[in-house]
Amino acid sequence: MAELITKKENGIGWVIFSNVPKLNAMTYDMWAAFPKALADFDADPEVRVIVTAGDGEKAYVSGADISQFEKNRGTADAQAVYNAATAEAYLAPGRCSKPVVAKIRGVCIGGGLGLAAMCDLRIAADDGVFRMPAARLGLGYGYDGLRRLVELMGQANTADIFFSARKFNSADALHMGFVNKVVPVAELDKAVADYCKMIAENAPLTVATAKYTIANMSFQADKAVQDKVQAMVDTCFSSADYKEGRTAFMEKRTPDFKGK
(Lines give C-alpha, C1' and ligand atoms only; values in the text may rest on other atoms or scores of the structure.)
Protein backbone atom coordinates (compact mmCIF):
# COMPACT_ATOMS: atom_id res chain seq x y z
CA MET A 1 0.00 0.00 0.00
CA ALA A 2 1.39 3.39 -1.02
CA GLU A 3 1.20 5.83 1.88
CA LEU A 4 2.97 8.37 4.06
CA ILE A 5 4.01 7.08 7.44
CA THR A 6 4.42 9.63 10.22
CA LYS A 7 5.91 9.18 13.66
CA LYS A 8 7.38 11.33 16.41
CA GLU A 9 10.35 10.51 18.63
CA ASN A 10 12.95 12.47 20.59
CA GLY A 11 11.84 15.84 19.24
CA ILE A 12 11.95 14.62 15.63
CA GLY A 13 8.91 14.36 13.38
CA TRP A 14 9.36 11.68 10.72
CA VAL A 15 7.62 11.66 7.35
CA ILE A 16 8.35 8.40 5.56
CA PHE A 17 7.49 7.87 1.89
CA SER A 18 6.27 4.29 1.63
CA ASN A 19 5.66 2.57 -1.69
CA VAL A 20 8.36 -0.06 -1.42
CA PRO A 21 7.52 -2.22 -4.48
CA LYS A 22 7.92 0.90 -6.66
CA LEU A 23 10.96 2.30 -4.84
CA ASN A 24 8.73 4.77 -2.99
CA ALA A 25 7.31 6.36 -6.12
CA MET A 26 4.87 9.12 -5.17
CA THR A 27 1.18 8.55 -5.86
CA TYR A 28 -1.25 11.45 -6.11
CA ASP A 29 -2.52 10.70 -2.58
CA MET A 30 1.03 10.78 -1.21
CA TRP A 31 1.72 14.16 -2.85
CA ALA A 32 -1.56 15.50 -1.43
CA ALA A 33 -0.88 14.19 2.10
CA PHE A 34 2.66 15.54 2.38
CA PRO A 35 1.88 19.24 3.11
CA LYS A 36 -0.52 18.33 5.92
CA ALA A 37 1.97 15.94 7.49
CA LEU A 38 4.60 18.70 7.59
CA ALA A 39 2.11 21.31 8.82
CA ASP A 40 1.00 19.05 11.68
CA PHE A 41 4.58 18.60 12.85
CA ASP A 42 5.27 22.30 12.41
CA ALA A 43 2.37 23.05 14.76
CA ASP A 44 3.50 20.48 17.36
CA PRO A 45 5.61 22.16 20.09
CA GLU A 46 7.26 18.83 20.93
CA VAL A 47 8.78 18.61 17.45
CA ARG A 48 11.95 20.62 16.84
CA VAL A 49 13.06 19.19 13.49
CA ILE A 50 11.38 17.20 10.71
CA VAL A 51 13.02 14.39 8.74
CA THR A 52 11.80 13.03 5.41
CA ALA A 53 12.94 9.55 4.43
CA GLY A 54 12.10 6.61 2.20
CA ASP A 55 10.74 3.32 3.46
CA GLY A 56 12.99 0.29 3.16
CA GLU A 57 16.63 0.12 2.12
CA LYS A 58 16.57 0.87 -1.61
CA ALA A 59 15.13 4.34 -2.15
CA TYR A 60 14.30 7.78 -0.85
CA VAL A 61 11.79 8.50 -3.64
CA SER A 62 12.08 7.23 -7.21
CA GLY A 63 9.86 10.00 -8.60
CA ALA A 64 6.19 10.16 -9.40
CA ASP A 65 4.27 6.92 -9.88
CA ILE A 66 4.31 6.73 -13.68
CA SER A 67 1.48 4.19 -13.73
CA GLN A 68 -0.88 7.00 -12.67
CA PHE A 69 0.18 9.39 -15.44
CA GLU A 70 -2.39 8.37 -18.04
CA LYS A 71 -5.25 8.70 -15.54
CA ASN A 72 -4.00 11.64 -13.46
CA ARG A 73 -1.90 13.57 -15.99
CA GLY A 74 -3.27 12.53 -19.36
CA THR A 75 -5.47 15.59 -20.00
CA ALA A 76 -5.01 19.30 -19.39
CA ASP A 77 -7.62 19.35 -16.60
CA ALA A 78 -6.19 16.27 -14.91
CA GLN A 79 -2.71 17.67 -15.26
CA ALA A 80 -3.79 20.91 -13.55
CA VAL A 81 -5.13 19.03 -10.54
CA TYR A 82 -2.03 16.85 -10.30
CA ASN A 83 0.32 19.81 -10.72
CA ALA A 84 -1.47 21.71 -7.96
CA ALA A 85 -0.89 18.81 -5.56
CA THR A 86 2.79 18.45 -6.45
CA ALA A 87 3.36 22.21 -6.30
CA GLU A 88 1.96 22.33 -2.76
CA ALA A 89 4.13 19.36 -1.79
CA TYR A 90 7.30 20.99 -3.10
CA LEU A 91 6.52 24.26 -1.31
CA ALA A 92 5.63 22.57 1.99
CA PRO A 93 9.16 22.23 3.46
CA GLY A 94 9.82 25.93 2.90
CA ARG A 95 6.56 26.86 4.61
CA CYS A 96 7.59 25.07 7.81
CA SER A 97 9.16 27.26 10.46
CA LYS A 98 11.22 24.27 11.59
CA PRO A 99 14.20 22.71 9.79
CA VAL A 100 13.35 19.90 7.37
CA VAL A 101 16.10 17.34 6.72
CA ALA A 102 16.11 14.80 3.89
CA LYS A 103 17.61 11.43 4.84
CA ILE A 104 18.60 9.90 1.50
CA ARG A 105 19.46 6.28 0.88
CA GLY A 106 19.54 4.66 -2.54
CA VAL A 107 17.40 5.98 -5.38
CA CYS A 108 16.57 9.69 -5.38
CA ILE A 109 15.23 10.46 -8.82
CA GLY A 110 12.89 12.97 -10.48
CA GLY A 111 10.27 14.04 -7.97
CA GLY A 112 12.43 12.56 -5.23
CA LEU A 113 15.29 14.83 -6.24
CA GLY A 114 12.86 17.75 -6.26
CA LEU A 115 11.46 16.92 -2.82
CA ALA A 116 14.93 16.52 -1.31
CA ALA A 117 16.01 19.81 -2.86
CA MET A 118 13.14 21.65 -1.18
CA CYS A 119 14.23 20.43 2.25
CA ASP A 120 16.64 22.64 4.18
CA LEU A 121 19.40 20.04 4.45
CA ARG A 122 20.26 16.68 2.87
CA ILE A 123 22.28 13.85 4.42
CA ALA A 124 22.93 10.92 2.10
CA ALA A 125 24.30 7.42 2.32
CA ASP A 126 27.13 6.59 -0.05
CA ASP A 127 24.84 4.31 -2.10
CA GLY A 128 22.79 7.22 -3.46
CA VAL A 129 21.63 7.18 -7.08
CA PHE A 130 20.44 10.58 -8.29
CA ARG A 131 18.84 11.62 -11.58
CA MET A 132 16.58 14.28 -13.08
CA PRO A 133 14.93 12.44 -16.02
CA ALA A 134 12.45 15.14 -17.09
CA ALA A 135 14.03 15.38 -20.55
CA ARG A 136 13.56 11.63 -21.04
CA LEU A 137 9.84 11.95 -20.33
CA GLY A 138 9.10 15.17 -22.18
CA LEU A 139 7.61 16.89 -19.15
CA GLY A 140 8.10 20.49 -18.09
CA TYR A 141 9.78 21.37 -14.80
CA GLY A 142 8.41 24.39 -12.94
CA TYR A 143 10.16 27.63 -12.07
CA ASP A 144 10.30 27.13 -8.30
CA GLY A 145 11.88 23.69 -8.57
CA LEU A 146 14.54 24.80 -11.02
CA ARG A 147 15.28 27.94 -9.05
CA ARG A 148 15.88 25.86 -5.94
CA LEU A 149 18.27 23.54 -7.75
CA VAL A 150 20.20 26.51 -9.14
CA GLU A 151 20.42 27.93 -5.62
CA LEU A 152 21.89 24.67 -4.36
CA MET A 153 24.06 23.56 -7.25
CA GLY A 154 24.65 26.58 -9.46
CA GLN A 155 23.64 27.10 -13.07
CA ALA A 156 26.24 24.81 -14.65
CA ASN A 157 25.50 21.78 -12.50
CA THR A 158 21.74 22.25 -12.84
CA ALA A 159 22.10 22.52 -16.61
CA ASP A 160 24.22 19.36 -16.61
CA ILE A 161 21.71 17.16 -14.79
CA PHE A 162 18.72 18.51 -16.75
CA PHE A 163 20.24 18.54 -20.23
CA SER A 164 21.87 15.10 -19.93
CA ALA A 165 19.30 13.39 -17.66
CA ARG A 166 22.27 11.31 -16.49
CA LYS A 167 22.58 9.39 -13.26
CA PHE A 168 25.07 10.58 -10.67
CA ASN A 169 26.19 9.20 -7.32
CA SER A 170 26.46 10.52 -3.78
CA ALA A 171 30.03 11.70 -4.23
CA ASP A 172 28.94 13.69 -7.30
CA ALA A 173 25.97 15.10 -5.38
CA LEU A 174 28.28 16.26 -2.58
CA HIS A 175 30.75 17.79 -5.04
CA MET A 176 27.93 19.68 -6.83
CA GLY A 177 26.51 20.97 -3.54
CA PHE A 178 23.24 19.07 -3.69
CA VAL A 179 23.82 17.18 -0.43
CA ASN A 180 25.42 18.52 2.73
CA LYS A 181 27.02 15.30 3.91
CA VAL A 182 27.67 11.74 2.70
CA VAL A 183 28.26 8.84 5.09
CA PRO A 184 28.58 5.05 4.72
CA VAL A 185 25.24 3.23 4.61
CA ALA A 186 25.85 1.64 8.01
CA GLU A 187 26.34 5.08 9.57
CA LEU A 188 23.37 6.89 8.02
CA ASP A 189 20.87 6.32 10.85
CA LYS A 190 23.31 7.52 13.50
CA ALA A 191 24.51 10.47 11.44
CA VAL A 192 20.96 11.75 10.92
CA ALA A 193 19.97 11.10 14.55
CA ASP A 194 23.05 12.87 15.92
CA TYR A 195 22.63 15.86 13.63
CA CYS A 196 18.92 16.23 14.41
CA LYS A 197 19.68 15.95 18.12
CA MET A 198 21.94 18.98 17.79
CA ILE A 199 19.15 20.93 16.08
CA ALA A 200 16.56 19.81 18.63
CA GLU A 201 18.72 21.07 21.49
CA ASN A 202 19.04 24.57 20.01
CA ALA A 203 16.79 27.58 20.57
CA PRO A 204 13.71 27.13 18.35
CA LEU A 205 13.11 30.86 17.82
CA THR A 206 16.71 31.39 16.73
CA VAL A 207 16.53 28.47 14.31
CA ALA A 208 13.17 29.64 12.92
CA THR A 209 14.50 33.18 12.43
CA ALA A 210 17.58 31.89 10.63
CA LYS A 211 15.48 29.68 8.36
CA TYR A 212 13.14 32.53 7.44
CA THR A 213 16.01 34.94 6.79
CA ILE A 214 17.96 32.48 4.65
CA ALA A 215 14.88 31.67 2.58
CA ASN A 216 14.16 35.32 1.91
CA MET A 217 17.68 36.05 0.74
CA SER A 218 17.05 33.80 -2.27
CA PHE A 219 16.91 35.49 -5.67
CA GLN A 220 13.55 36.09 -7.35
CA ALA A 221 12.81 36.63 -11.02
CA ASP A 222 10.14 39.12 -11.99
CA LYS A 223 6.61 37.92 -12.74
CA ALA A 224 7.06 38.15 -16.50
CA VAL A 225 9.88 35.60 -16.35
CA GLN A 226 7.87 33.30 -14.10
CA ASP A 227 4.85 33.56 -16.41
CA LYS A 228 6.97 32.70 -19.45
CA VAL A 229 8.44 29.69 -17.67
CA GLN A 230 4.94 28.49 -16.77
CA ALA A 231 3.80 28.88 -20.39
CA MET A 232 6.76 26.80 -21.54
CA VAL A 233 5.97 24.13 -18.94
CA ASP A 234 2.34 24.03 -20.11
CA THR A 235 3.55 23.55 -23.69
CA CYS A 236 5.62 20.55 -22.60
CA PHE A 237 2.66 18.90 -20.95
CA SER A 238 0.39 19.44 -23.95
CA SER A 239 2.95 18.10 -26.44
CA ALA A 240 3.08 14.85 -28.35
CA ASP A 241 6.55 14.37 -26.89
CA TYR A 242 5.09 14.19 -23.38
CA LYS A 243 2.76 11.39 -24.48
CA GLU A 244 5.65 9.64 -26.21
CA GLY A 245 7.80 9.97 -23.09
CA ARG A 246 5.14 8.35 -20.88
CA THR A 247 4.53 5.57 -23.38
CA ALA A 248 8.21 4.83 -23.91
CA PHE A 249 8.83 4.71 -20.16
CA MET A 250 6.03 2.17 -19.65
CA GLU A 251 7.24 0.13 -22.63
CA LYS A 252 10.87 0.31 -21.42
CA ARG A 253 12.20 1.66 -24.72
CA THR A 254 14.10 4.73 -25.86
CA PRO A 255 11.66 7.59 -26.59
CA ASP A 256 11.48 9.05 -30.10
CA PHE A 257 10.98 12.76 -29.47
CA LYS A 258 10.00 15.13 -32.30
CA GLY A 259 10.14 18.47 -30.49
CA LYS A 260 6.41 19.10 -30.80
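Residues numbered from 1 in each chain as written. Predicted model: local features only at pLDDT ≥ 70, side-chain atom pairs only at ≥ 80, totals over all residues. Heavy atoms only, no water.

Engineer: A description of the overall build of the protein chain should follow, citing residues and the corresponding values.
Structural biologist: Helix and strand content of the protein chain: 11 helices and 10 strands. In terms of overall size, the protein chain behaves like a compact globule, its C-alpha atoms giving a radius of gyration of 18 Å where 260 residues would be expected to give roughly 18 Å. Along the longest, intermediate and shortest principal axes, the C-alpha atoms of the protein chain span 55 × 40 × 35 Å. By the burial criterion, 46% of the 260 residues in the protein chain qualify as buried. By sequence separation, contacts in the protein chain at least 24 residues apart represent 71% of the contacts at least 6 residues apart. When the accessible surface of the protein chain is summed, it comes to about 13100 Å², and 57% of that surface belongs to carbon and sulfur atoms. (Helix = DSSP H or I, 4+ residues; strand = E, 2+ residues; numbered from the N terminus. Rg over C-alpha atoms; globule rule 2.2 N^0.38 Å. Buried < 20%, exposed > 50% of the residue type's maximum accessible area, 1.4 Å probe, protein only. Contact = heavy atoms within 4.5 Å. Areas by Shrake-Rupley, 256 points an atom, 1.4 Å probe, with all protein chains shown as cover.)

Engineer: Outline helix α11 (residues 240-251), listing residues and values.
Structural biologist: Given a rise of 1.5 Å per residue, 12 residues ought to cover 16 Å, and the 16 Å separating the end C-alpha atoms of α11 matches this to within 8%. What α11 keeps buried is the set Asp241, Tyr242, Glu244, Gly245, Arg246 and Ala248. Note on α11: the residue one or two positions beyond its end, Lys252, has a positive phi of about 55 degrees. (Expected span 1.5 Å × (residues − 1).)

Engineer: I'd love a proper account of the sheet that holds strand β5 (residues 100-104), names of residues and values included.
Structural biologist: Read across the open sheet, the 6 strands follow the order β1-β2-β3-β5-β7-β10; overall the sheet is mixed. Either end of the sheet is taken by a strand with one partner, and the two such strands are β1 (3-9) and β10 (181-183). Between one strand axis and the next, the sheet turns by 20 degrees as a mean value, whatever way the strands run. Strand direction decides the pairing type here: strand β7 (residues 121-125) and β10, joined by 3 bridges, are parallel. Paired with Ala125 across the two strands is Val183, which belongs to β10. (Pairing = 2+ DSSP bridges. Axes fitted to C-alpha atoms, helices over the stretch in contact; angles between N-to-C directions.)

Engineer: Talk me through the packing of helix α1 (residues 28-43) against helix α3 (residues 76-95); I want residue IDs and the actual numbers.
Structural biologist: Across the interface, α1 lies against α3 with an axial gap of 8 Å and an inter-helix angle of 25 degrees. By the angle class used here, α1 and α3 are roughly parallel. Relative to α3, α1 is oriented so that their crossing is left-handed. Residues Tyr28, Trp31, Phe34, Pro35, Leu38 and Asp42 of α1 touch α3, and the partners they reach there are Val81, Tyr82, Ala85, Thr86, Glu88, Ala89, Tyr90, Ala92, Pro93 and Arg95. When grouped by side-chain class, the residues that make up the contact of α1 with α3 number 12 nonpolar, 1 polar and 3 charged. (Parallel < 35°, antiparallel > 145°, perpendicular 65-115°, else oblique. Left-handed = near helix turned anticlockwise from the far one by under 90°. Nonpolar A, V, L, I, M, F, W, Y, C, P; charged D, E, K, R; others polar.)

Engineer: Let's hear about the pattern of salt bridges: which residues, and what values?
Structural biologist: A side chain with one charge can pair with a side chain of the opposite charge if their charged atoms come near. Tallied over the full model, the rule gives 17 salt bridges. Linking Arg105 and Asp127 is a salt bridge whose minimum nitrogen-to-oxygen distance equals 3.3 Å. Here Arg105, found in the loop between β5 and β6 (107-109), pairs with Asp127, found in the loop between β7 and β8 (129-131); they are 22 residues apart in sequence, far enough to count as distant. For the salt bridge of Arg148 with Glu151, the shortest nitrogen-to-oxygen distance reads 3.6 Å. One end of the pair is Arg148 and the other is Glu151, both in helix α6 (residues 143-164) and 3 residues apart, which spans about a single turn. Take Arg148: its relative accessible area is 19%, and that puts it in the buried class. Members of the salt-bridge network, linked through shared partners, are Asp144, Arg147, Arg148 and Glu151. (Salt bridge = Lys/Arg side-chain N within 4 Å of Asp/Glu carboxyl O.)

Engineer: Can you explain the environment of Leu146? Please cite residues and give values.
Structural biologist: Along the polypeptide, Leu146 turns up in helix α6. Judged by relative accessible area, Leu146 falls into the partly exposed class, the value being 29%. The spatial distance from the C-alpha of Leu146 to the C-alpha of Leu38 is 22 Å, given a sequence separation of 108 residues.

Engineer: Could you give me a rundown of the nonpolar core, with the residues and numbers involved?
Structural biologist: Grouped together as the largest cluster of nonpolar side chains are 52 residues, with contacts concentrated most on Phe17, Trp31, Phe34, Tyr60, Ile104, Phe130 and Phe178. Here this core gets 6 residues from one element, more than from any other, and that element is α1. Residues in contact with Phe34, not counting those within four places in the same chain, are Leu4, Val15, Phe17, Thr52, Ala89, Ala92, Pro93 and Leu115. In terms of nonpolar packing, the next biggest core, distinct from the first, is built from 16 residues, Ile16, Ala125, Val183 and Ala191 among them. (Core = buried A, V, L, I, M, F, W, Y, C linked by side-chain atoms within 4.5 Å.)

Engineer: How would you sum up the sheet that holds β8? Please name residues and give values.
Structural biologist: As summarised here, the arrangement of the 4 strands in space is β4-β6-β8-β9, forming an open sheet in which the pairing is mixed. Pairing within the sheet leaves two strands with one partner each, and these edge strands are β4 (59-61) and β9 (167-169). Across the sheet, the axes of successive neighbouring strands diverge by a mean angle of 25 degrees, strand direction being ignored. Pairing between β8 and β9: 3 bridges, direction antiparallel. When the sheet's bridge partners are listed, Val129 is paired in β9 with Asn169. Along the sheet, helix α4 (residues 111-118) contacts β4, β6, β8 and β9; its crossing angle with β6, the most-contacted strand, is approximately 90 degrees.

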